[in-house]
Amino acid sequence: MAPADSITRSRDVHVLLLCAVLLAGVAVSAAGPVPFVALVALQITMRLSSPVPPLIASWPFGALLLIGSDLVARSVLPDDLPSASSRGPFLVHLLVRANLRRAA
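Residues numbered from 1 in each chain as written. Predicted model: local features only at pLDDT ≥ 70, side-chain atom pairs only at ≥ 80, totals over all residues. Heavy atoms only, no water.

(A) Focus on the overall build of the chain. From N to C terminus, the chain includes four helices and zero strands. When burial is assessed residue by residue, the chain has 16% of its 104 residues classed as buried. Here the chain displays about 7,700 Å² of accessible surface, and carbon together with sulfur accounts for 73% of that area. (Helix = DSSP H or I, 4+ residues; strand = E, 2+ residues; numbered from the N terminus. Buried < 20%, exposed > 50% of the residue type's maximum accessible area, 1.4 Å probe, protein only. Areas by Shrake-Rupley, 256 points an atom, 1.4 Å probe, with all protein chains shown as cover.)

(B) Structural view of the nonpolar core. Grouped together as the largest cluster of nonpolar side chains are six residues: Ala24, Val28, Phe36, Val40, Ile44 and Leu91. At the level of elements, helix H1 (2–31) and helix H2 (33–48) are the ones that each hand at least two residues to this core. Of all the elements, H2 adds the most residues to this core, at three residues. (Core = buried A, V, L, I, M, F, W, Y, C linked by side-chain atoms within 4.5 Å.)

(C) Seen up close, the environment of Val13. With respect to the helices and strands, the residue Val13 is situated in helix H1. Looking at Val13, the relative accessible area reads 36%, which means it is partly exposed. Measuring from C-alpha to C-alpha, the distance between Val13 and Asn99 comes to 8.7 Å, with 86 residues separating the pair along the chain.

(D) Examining the side chain of Ser58 more closely. Turning to its location among the elements, Ser58 is positioned in helix H3 (residues 55–75). The buried category is assigned to Ser58, whose relative accessible area is 8%. With near-sequence residues (within four places) excluded, Ser58 lies in contact with Ala41, Leu42 and Thr45. (Contact = heavy atoms within 4.5 Å.)

(E) Just the environment of Ser69, in detail. With respect to the helices, strands and loops of the structure, Ser69 is situated in helix H3. Along the sequence, Ser69 and Val37 sit 32 residues apart, while their C-alpha atoms lie 9.5 Å from each other.

(F) Up close: the packing of H2 against H3. Contact geometry for H2 and H3: axes closest at 8 Å, N-to-C directions at 125 degrees. Taken as axis vectors, H2 and H3 run oblique relative to one another. As for how H2 packs across H3, the hand of that crossing is right-handed. Counting all contacts with H2, which are made through Val34, Val37, Val40, Ala41, Leu42, Ile44 and Thr45, the residues of H3 involved are Leu55, Ala57, Ser58, Phe61, Gly62, Leu65 and Leu66. Here the contact of H2 with H3 is composed, by residue class, of 11 nonpolar, three polar and no charged. (Axes fitted to C-alpha atoms, helices over the stretch in contact; angles between N-to-C directions. Parallel < 35°, antiparallel > 145°, perpendicular 65-115°, else oblique. Left-handed = near helix turned anticlockwise from the far one by under 90°. Nonpolar A, V, L, I, M, F, W, Y, C, P; charged D, E, K, R; others polar.)

(G) Focus on H2. For H2, spanning 16 residues, the distance from its first C-alpha to its last is 22 Å, which sits close to the expected 22 Å at 1.5 Å a residue. By the burial criterion, the buried members of H2 are Phe36, Val37, Val40, Ala41, Gln43, Ile44 and Thr45. (Expected span 1.5 Å × (residues − 1).)

(H) Layout of the environment of Ala63. Among the secondary structure elements, Ala63 is positioned in helix H3. A relative accessible area of 39% places Ala63 in the partly exposed class. Counting along the chain gives 22 residues from Ala63 to Ala41, while the straight-line C-alpha distance between them is 8.6 Å.

Laid out in structure tokens, this is it:
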């Protein structure tokens, strides 16, 4: 009975992860890129410093991330490349990595 139960849980985890990614995509498309940068800045600072959310450190990092991404988007990337194509896979990578760490 245990293998069938673990298969169901694994499928449920994948469905929940897909729902989280879809909800994040809907939120970013509705609110714009600035809240997404705030979410990513917090996640990156957590991985660089400690597991406790470092809110004070994430504020300047988010500002630098927003300024840097704006400079890259204006100078390096072509005009017809949507910026969501570079942000979405990074968020999926963060969610999958965090999920794998919790499972281990």
